[in-house]
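# Observations on the three-dimensional arrangement
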Amino acid sequence: MNVAALSSIAPGIAPTLDPASGARGLYIGGAWLWPAGRKAIPVMDPSTETKLADVPDATVDDALAAVEAAAAAAAGWRATPPRRRSEILRRCFDLMTARSEELATLISLENGKALRDARGEVAYAAEFFRWNAEEAVRISGDFALSPAGGNHIIVDYEPMGICVLITPWNFPAAMATRKIAPALAAGCTVVLKPASETPLTAYVLAALYEEAGVPPGVVNVLTTSAPGEVTAAMLADPRVRKLSFTGSTPVGRTLLAEAAKHVISCSMELGGNAPLIVFDDADLGVAVEGAMLAKMRNAGEACTAANRFYVQSGIHDRFAAALTARMAALAVGPGTQAGTECGPMITAKAVDKIERLVGDALARGATLHCGGTRPAGAGFYYPPTVLADVPADAMMAGEEIFGPVAALTRFETEDEAVALANATEYGLAGYVFTRDLARGLRVSRRLEVGMVGLNRGLVSDPAAPFGGTKQSGLGREGGTHGVLEFLEAKYIATTL
Ligand SMILES: O=CCCC(=O)O
């Protein structure tokens, strides 16, 4: 597999993998491998339920080979001057940007998201390389005289070592680059395990990194249908010092327990249940625009997606009507089809869950304003749906919908809105809409979350610290914080 071949897998794509040729496979130590006897994992197009490709199903032996390759490359990459690392990362940004249309098409094919969302993802994903290219040359240490004056305190920041990175299917490019770029900037080498639903983007990007000058073994990629076993084996290797995971809270808990056995540093970007609060004094147009973005980016398949809409009584009916009009007008269809605004969900199981949550809310007294009926035919579709009067005991108030469903609940006072918003074990993102800046900042600070969109439906930004509180995770990705997750402080006490 090389990047030039991408044009043959973007539309018109001949998406069958030929295991015999080894053209595409596990990417270990700079080589493309389909080891003998490895089964195939089919990669499906959620828009049509047809097979796009097969990828190899890595075993524990393959995973340990990937760790070995990362270990073999570690000293060389760590010793590579920051300026050189920075230039390679910048080249990754340039190549991704130059090939954004092919990459967006591939993302849209394997994930199902609308092309416009996929284009947004490529720009977002590439930006992690540009940002971290700039960070790579700004990793400085500290030097201080000890308070007692007897010695000096020197602090160096060293690469942590080999990192295992595990990424989800909802942003096949951005969740990988958000980890790979800072890890490489810090001087670490990595093994990436992308989600088996959307591995093609990760493999194609691996070829692009190679073209950009990333040396063999610095980035390794493998797909597996046995993530638990394979990850446990990698974490048991004492050379692995970091686990960075994006995915659900239950899986995060399991991985934390596994990592704890070996005392491995963990960054965890887990589930969310974002509240979106609209106060009476909000600008209706801004609030609806923000709500559409917070809900419908990626068709609702984002951990930052607004899950619970709390709308003050005085604006509730106008907001509900305007949001319903916008949601009902969205064009639903295959991700790669021109004009599609809401693609399919990732799997039939995801649609089953949304259907179950909507059914439960309706049974508990919610009212349906639009959508709510799963269409017949091929593809994992669910229509943009608006529900109002969703009670606090509805299942969707307590768990991520991860789909195009806006659940509205009316409130009266600021204290009530804050209490409702914080009544969840999650603490990733929240959104507040008001024209009163003092109230906006006050409520933002009272929300038990890691990120707030104030009069804005998007918090994601490669230059900002992304992450959550409570059961939504540990650590931050992006911004100046992102690279620190891959660095270890070493303190030297000396009397000069
Ligand atoms: O779904 C999780 C990540 C979403 C984002 O980075 O905006």
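What you see is a predicted model; the values in this text were computed from it and never measured.

## As for the overall build of the chain
A tally of regular secondary structure across the chain gives 16 helices and 22 strands. The globule rule puts the C-alpha radius of gyration for 496 residues at 23 Å, and the 23 Å found for the chain is close to it. The buried share of the chain, reckoned over its 496 residues, is 57%. Counting contacts in the chain only where the partners sit at least 6 residues apart, residues at least 24 apart contribute 72% of the total. A total accessible area of about 18,200 Å² is found for the chain, and carbon and sulfur atoms account for 56% of it. Averaging the positions of the 44 positive and the 53 negative side-chain charges in the chain gives two centres separated by 2 Å.

## What to know about the domain arrangement of the chain
Splitting the chain by domain gives domain 1 (6–270 + 473–492) and domain 2 (274–461). One C-alpha centre belongs to domain 1, the other to domain 2; they are set 30 Å apart. Contact between domain 1 and domain 2 buries roughly 2,100 Å² in total, counting both sides, with carbon and sulfur atoms accounting for 55%. Where E425 meets R253, a salt bridge forms, and the shortest distance between an N and an O atom there is 3.8 Å. Put simply, the parts of the chain that give the side of domain 1 that touches domain 2 at least two residues each are helix 4 (100–111), helix 5 (115–136) and helix 9 (249–262). In terms of residue count, helix 4 provides more of the side of domain 1 that touches domain 2 than any other element does, five residues in total. Considered class by class, the residues forming the side of domain 1 that touches domain 2 number eight nonpolar, nine polar and nine charged.

## Comments concerning the UniProt feature "domain: Aldehyde dehydrogenase" (unreviewed entry) in the chain
As recorded in UniProt, the feature "domain: Aldehyde dehydrogenase" (unreviewed entry) lies at residues 36–492. For residues 36–492, the end-to-end C-alpha separation is 49 Å, with 42% helix and 21% strand making up the annotated structure.

## Section: the UniProt feature "active site" (unreviewed entry) in the chain
Per the UniProt record, the feature "active site" (unreviewed entry) sits at E269. The contact partners of E269, leaving out residues within four places of it in the chain, are M175, R178, F245, T246, G247, C303, L428, F466, S472 and E477.

## Remarks on the packing of helix 14 (residues 414–422) against helix 15 (residues 437–446)
Close contact between helix 14 and helix 15 brings their axes to 10 Å; oriented N to C, the two are set at 35°. Relative to helix 15, helix 14 is oriented so that their crossing is right-handed. Contact with helix 14, carried on its side by E414, D415, V418 and N422, involves R439, R442, V443 and R446 of helix 15 and no other residues of that element. Here the contact of helix 14 with helix 15 is composed, by residue class, of two nonpolar, one polar and five charged.

## A word on the sheet that holds strand 15 (residues 385–388)
Consider a sheet: its strands pair through backbone hydrogen bonds, and that pairing is either parallel or antiparallel. Read across the sheet, seven strands follow the order 14-15-16-13-12-18-19 without closing on themselves; strand pairing throughout is mixed. The two strands at the open ends of the sheet, each matched to only one other strand, are strand 14 (367–370) and strand 19 (451–454). Pairs of neighbouring strands in the sheet enclose a mean axial angle of 20°, with direction left out of account.

## Here's the deal with the site of the ligand
Close to the ligand lie Y124, N170, F171, M175, R178, E269, R297, A302, C303, S460 and F466. Side-chain polar atom of N170 to an oxygen atom of the ligand: 2.9 Å apart, as the coordinates give it. A distance of 2.9 Å is found between an oxygen atom of the ligand and a side-chain nitrogen or oxygen belonging to R178. Coverage of the ligand by the protein chains reaches 99% of its 240 Å² of free accessible surface.

## Quick word on the pattern of salt bridges
Following the criterion strictly, the structure yields 33 salt bridges and no others. The salt bridge partner of E87 is R84, with a shortest N-O separation of 3.9 Å. Taken as a pair, E87 and R84 lie in helix 3 (residues 82–98) at a separation of three residues, close to a single helical turn. E87 sits in the partly exposed class, given a relative accessible area of 43%. For E158, the salt bridge goes to K490, with nearest N and O atoms at 3.1 Å. In this pair, E158 sits in strand 6 (residues 152–159) while K490 sits in strand 22 (residues 487–494), placing the two residues 332 residues apart along the sequence. Members of the salt-bridge network, linked through shared partners, are D281, E414, D415, R439, R442 and R446.

## A closer look at the sheet that holds strand 22
The three strands lie next to each other as 5-6-22, forming an open sheet whose pairing is antiparallel. Since the sheet does not close on itself, it has two edges, and those belong to strand 5 (142–145) and strand 22, each with one partner. This sheet shows a mean twist of 20° between the axes of neighbouring strands, independent of strand direction. Of the strand pairs in this sheet, strand 6 and strand 22 are connected by eight bridges, and their pairing is antiparallel.

## Observations concerning the environment of L109
With respect to the helices, strands and loops of the structure, L109 is situated in helix 4. The spatial distance from the C-alpha of L109 to the C-alpha of D389 is 36 Å, given a sequence separation of 280 residues.

## A word on the pairing of strand 15
Burial of strand 15 is two-sided: the residues T385 and L387 facing one way and the residues V386 and A388 facing the other way are all buried. Summarising the sheet, strand 14 and strand 15 pair through three bridges and their orientation is antiparallel. Across the sheet, residue T367 finds its bridge partner in strand 15, namely A388. Across three bridges, strand 15 lies against strand 16 (residues 405–411) in parallel orientation. Pairing of V386 across the sheet is with A406, part of strand 16.

## Examining the side chain of S444
Within the element layout of this structure, S444 appears in helix 15. For S444, a relative accessible area of 13% gives the class buried.

Parameters at a glance
Residues numbered from 1 in each chain as written. Predicted model: local features only at pLDDT ≥ 70, side-chain atom pairs only at ≥ 80, totals over all residues. Heavy atoms only, no water. Helix = DSSP H or I, 4+ residues; strand = E, 2+ residues; numbered from the N terminus. Rg over C-alpha atoms; globule rule 2.2 N^0.38 Å. Buried < 20%, exposed > 50% of the residue type's maximum accessible area, 1.4 Å probe, protein only. Contact = heavy atoms within 4.5 Å. Areas by Shrake-Rupley, 256 points an atom, 1.4 Å probe, with all protein chains shown as cover. Lys, Arg positive; Asp, Glu negative; His and termini not counted. Charge placed at Lys NZ, Arg CZ, Asp CG, Glu CD. Domains from an automatic or database assignment. Buried area = accessible area lost by both parts, 1.4 Å probe. Salt bridge = Lys/Arg side-chain N within 4 Å of Asp/Glu carboxyl O. Nonpolar A, V, L, I, M, F, W, Y, C, P; charged D, E, K, R; others polar. UniProt positions renumbered as here; feature names shortened; annotations may be inferred. Axes fitted to C-alpha atoms, helices over the stretch in contact; angles between N-to-C directions. Left-handed = near helix turned anticlockwise from the far one by under 90°. Pairing = 2+ DSSP bridges. Near = heavy atom within 4 Å. Polar contact = N/O pair within 3.5 Å; in protein donor to acceptor, adjacent residues only side chain to side chain.

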